[in-house]
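Fold and contact review
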Protein chains: 2
Amino acid sequence: VKAMTIELYEDRSDVTITAYVLDDSRELLAGKRRPAVIICPGGGYMFCSDREAEPVAIRFAAMGYHAFVLRYTVHSQGGGGVYPKPLLDLAEAFVLINEHAAEWHVDTERIAICGFSAGGHNCAMYSVYWHDSAVTGLLDVDPKTLRPVACILGYPIIDLGLRVDDPALRTAHESLMTAYLGTSEPSSEMLDAVNPAKHVTAQTPPTFLWGTASDSLLPIENTLTMARALAGVGVPFEVHVFEQGPHGLALADQATAYSIKEVDADAGKWVGLAEEWLKKRLALSLEEESAWAAMAKGDHGFQRT
Amino acid sequence: VKAMTIELYEDRSDVTITAYVLDDSRELLAGKRRPAVIICPGGGYMFCSDREAEPVAIRFAAMGYHAFVLRYTVHSQGGGGVYPKPLLDLAEAFVLINEHAAEWHVDTERIAICGFSAGGHNCAMYSVYWHDSAVTGLLDVDPKTLRPVACILGYPIIDLGLRVDDPALRTAHESLMTAYLGTSEPSSEMLDAVNPAKHVTAQTPPTFLWGTASDSLLPIENTLTMARALAGVGVPFEVHVFEQGPHGLALADQATAYSIKEVDADAGKWVGLAEEWLKKRLALSLEEESAWAAMAKGDHGFQRT
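Just so we're clear, the structure is a prediction, and the values are computed from it rather than from any experiment.

Chain A puts 56 residues into the contact, and the matching count from chain B is 56 residues. Carbon and sulfur atoms make up 57% of the area that chain A and chain B hide from each other, which totals about 4,900 Å². Linking chain A with chain B are 0 salt bridges. At the surface where chain A touches chain B, the tally comes to 24 residue pairs in polar contact (both at pLDDT 80 or more). Per-class residue counts for the side of chain A that touches chain B are 28 nonpolar, 10 polar and 18 charged.

Below, the structure is given as structure tokens:
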């Protein structure tokens with residue numbers, strides 16, 4: 001694997017892509033291009049959580065896909081709201097990957113996105129806005145290079161306007177709105193603009209959503225709202241809501257856990273389900289004839305040169 | 001992840017360790033050491049197959065373990081038999097990892113080994129010989145740093161003396177014996193010495209074995225012979241023999257496949273079974289209190305510095 005971190009902008013060190021580019025081998029894809037997954041970690045637009053970064057990328061790499069972690073623009077002291085920068089960062093990530101596609105053997109027509117919590121919001125926003133002139137107009141590229149082929153959303157924030165009654169959660173919610181929009185009292189027009197469920201179209205990619213019904217930090221209504229919107233437009237989607245589990249489970253296994261509280265065998269089933277679902281869009285281009293048969297015929301080099 | 005290839009000997013470029021060292025993070029293990037898995041790919045002691053190398057390492061890395069691929073000594077033109085070099089290469093891999101343990105955050109008391117086919121033979125040999133003076137006598141280290149805590153064997157070669165009736169397979173079998181022992185007609189004493197099933201002791205680590213009953217290249221008797229030997233001595237072991245599937249399935253999914261013939265959903269279940277089994281020996285040291293709770297108390301730094 002080639003693992004490297006690249007700054008997305010010349011004049012800023014805070015927005016980076018960490019690439020996990022799988023090695024090519026004559027025994028595997030033999031020069032054929034691999035699909036890729038871009039991961040947006042969560043963190044309330046205030047940071048990008050390591051728990052939803054490298055271990056998730058490695059899990060997608062284990063499925064046979066190149067993986068990229070995008071550390072998008074997050075709120076900094078006195079910086080105002082970050083919107084729409086995180087959305088544009090994701091577009092820039094597509095541009096960067098397209099630029100390196102030949103070198104990295106990336107199948108640029110099959111790039112999926114995967115986000116968690118606020119990163120899920122960013123991916124959902126991208127899903128509905130990637131073809132909008134507000135995004136494409138800023139980039140000197142063919143808009144179709146920006147198209148995500150599939151979207152995976154883990155316990156995503158969808159509707160910032162959802163009522164928050166619990167006073168303890170209200171603070172977190174206001175911090176989120178301030179981080180993203182620069183104000184804890186955004187207008188309803190603004191809330192609508194940043195609610196991806198309101199902007200789903202036929203151009204929105206097939207989407208896999210998962211979360212836990214018992215999430216006490218972010219209501220599962222967010223996930224269900226997005227699912228309803230996708231259903232309304234006829235975009236293919238899949239939803240898995242597990243009964244139990246806190247917010248922020250990531251892979252829900254030890255690889256993404258700080259404590260035993262972030263491990264949940266039930267919720268962890270989302271990974272296998274997403275793996276099967278992703279294969280419908282990202283399956284690798286395998287040969288028909290076995291490696292052994294190819295070797296016997298001599299048109300395949302097994303030995304290391 | 002830090003990915004790098006290191007030559008194991010100063011004067012040879014053919015024996016290497018490719019390391020996949022996971023990043024430390026305050027949100028994950030926060031400086032605590034991780035267990036590791038060393039992988040020996042197969043290839044009949046004539047090459048080391050890429051299909052049983054990086055993708056397998058990445059799958060173990062996805063479980064939360066550091067992973068290392070050992071490309072051990074294989075047969076070269078006119079080079080005679082490689083035995084016992086591959087065995088000693090594995091011991092040297094333990095030495096190298098121990099030397100870098102602090103830098104890489106490796107829990108050196110919990111290093112597992114995993115091999116496929118000929119690589120499985122090498123791991124099984126190491127399992128029974130790691131504490132033998134033939135190994136320890138050559139290395140200036142505390143023998144207990146060489147101890148494997150667990151061993152995973154995929155369709156391993158165990159008994160080179162098993163009868164091969166099929167003439168088509170006889171050639172492959174003779175090549176294997178020549179590559180490993182330097183002769184296609186080894187003595188029975190030699191065959192016994194390199195049959196790990198004959199040398200199992202209480203010092204042999206817990207072992208997980210898997211293969212397919214329909215393997216037409218290497219009889220499943222090899223796997224069963226090793227399992228019987230482990231049972232005889234009371235070493236903990238687990239065996240999964242799937243009814244169907246060719247030799248060399250590796251992960252049996254697209255990540256290790258050249259063609260659709262190397263994909264098998266049934267046999268692919270070995271990975272999840274091995275993951276659960278490994279956790280009994282290698283489970284990460286997670287905290288009791290959640291990351292959120294630790295953050296709220298301020299004894300845990302979430303934001304990137």
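Now, onward.
As a further point, take the packing of helix 1 (residues 54-62) of chain A against helix 1 (residues 54-62) of chain B. Any two packed helices are characterised by how steeply their axes cross, that is the angle between the axes, and by the distance between the axes. Between helix 1 of chain A and helix 1 of chain B, the least distance of the axes is 8 Å, while the angle of their chain directions is 145°. For the crossing formed where helix 1 of chain A meets helix 1 of chain B, the hand is left-handed. On the side of helix 1 of chain A, the interface is formed by Ile58(A), Arg59(A), Ala61(A) and Ala62(A), while helix 1 of chain B contributes Ile58(B), Arg59(B), Ala61(B) and Ala62(B). Broken down by class, the residue content of the contact of helix 1 of chain A with helix 1 of chain B amounts to 6 nonpolar, no polar and 2 charged.

Placing chain A over chain B gives an RMSD of 0.0 Å and needs a rotation angle of 180°, together with 0.0 Å of translation along the axis. With respect to symmetry, the two chain copies, as superposed, fit the operation of a two-fold axis.

Once that is clear, we can look at helix 2 (residues 85-99) of chain B. Here helix 2 of chain B contains 15 residues, and its C-alpha end-to-end distance of 21 Å stays within 8% of the 21 Å for a straight helix at 1.5 Å per residue. The set of residues buried in helix 2 of chain B consists of Pro86(B), Leu87(B), Asp89(B), Leu90(B), Ala91(B), Ala93(B), Phe94(B), Val95(B), Leu96(B) and Ile97(B).

It is worth spelling out the pairing of strand 3 (residues 34-40) of chain A at this point. The side chains of a regular strand alternate between both faces of the sheet. Residue and element names in this part refer to chain A. With 7 of its 7 residues buried, strand 3 lies for the most part within the structure. Sheet topology places strand 3 next to strand 4 (residues 66-71); 4 bridges connect them, and they run parallel. If you follow Ile-38 over to strand 4, its bridge partner there is Phe-68. For the handedness criterion, the β-α-β arrangement of strand 3, helix 1 and strand 4 is classed as right-handed.

Another aspect to go through is the nonpolar core. Grouped together as the largest cluster of nonpolar side chains are 84 residues, with contacts concentrated most on Leu278(A) and Leu278(B). When sequence neighbours within four positions are dropped, the list of residues in contact with Leu278(B) reads Val37(B), Phe60(B), Met63(B), Tyr65(B), Ala112(B), Ala150(B), Ile152(B) and Ala283(B).

The next subject is unusual backbone geometry. Residue and element names in this part refer to chain A. A cis geometry characterises the amide bond from Tyr-83 onward to Pro-84, with omega recorded as 5°. If you trace the backbone, Pro-84 turns up in the loop between strand 4 and helix 2 (85-99). Even without glycine at this site, Ala-252 takes up a positive phi of about 65°. Its location among the elements puts Ala-252 in the loop between strand 8 (237-242) and helix 9 (269-282).

Residue and element names in this part refer to chain B. Pairing in this open sheet of 8 strands is mixed, and the strands run 1-2-4-3-5-6-7-8 from one edge to the other. Whereas interior strands pair on both sides, the edge strands pair on one side only; in this sheet they are strand 1 (2-9) and strand 8 (237-242). Going from strand to strand, the sheet's axes swing by 20° on average, the running direction of each strand aside. Note that strand 3 (residues 34-40) and strand 5 (residues 106-116) share 6 bridges and pair parallel. For Ile-38, the partnering residue across the bridge sits in strand 5 and is Ile-113. Helix-sheet contacts for helix 9 (residues 269-282) involve strand 3, strand 5, strand 6 (150-154), strand 7 (207-212) and strand 8, and the interaxial angle to strand 6 is about 170°.

A few words on the environment of Gly248(B). Residues and elements named next belong to chain B. Structurally, Gly-248 is set in the loop between strand 8 and helix 9. Look at Gly-248 and you get buried, because its relative accessible area is 3%. Put simply, Gly-248 and Leu-22 are 226 residues apart on the chain and 27 Å apart in space, counted from C-alpha to C-alpha. Residues contacting Gly-248, with those up to four places away along its chain left out, are Arg-51, Glu-52 and Tyr-155.

Reading the values: rules and limits
- Residues numbered from 1 in each chain as written.
- Chains lettered and ligands numbered in written order.
- Predicted model: local features only at pLDDT ≥ 70, side-chain atom pairs only at ≥ 80, totals over all residues.
- Heavy atoms only, no water.
- Contact = heavy atoms within 4.5 Å.
- Buried area = accessible area lost by both parts, 1.4 Å probe.
- Salt bridge = Lys/Arg side-chain N within 4 Å of Asp/Glu carboxyl O.
- Polar contact = N/O pair within 3.5 Å; in protein donor to acceptor, adjacent residues only side chain to side chain.
- Nonpolar A, V, L, I, M, F, W, Y, C, P; charged D, E, K, R; others polar.
- Axes fitted to C-alpha atoms, helices over the stretch in contact; angles between N-to-C directions.
- Helix = DSSP H or I, 4+ residues; strand = E, 2+ residues; numbered from the N terminus.
- Left-handed = near helix turned anticlockwise from the far one by under 90°.
- Least-squares fit on C-alpha atoms with pLDDT ≥ 70 in both.
- Expected span 1.5 Å × (residues − 1).
- Buried < 20%, exposed > 50% of the residue type's maximum accessible area, 1.4 Å probe, protein only.
- Pairing = 2+ DSSP bridges.
- Right-handed = clockwise from strand over helix to strand, strands pointing away.
- Core = buried A, V, L, I, M, F, W, Y, C linked by side-chain atoms within 4.5 Å.

So yeah, pure geometry; function would need other evidence.
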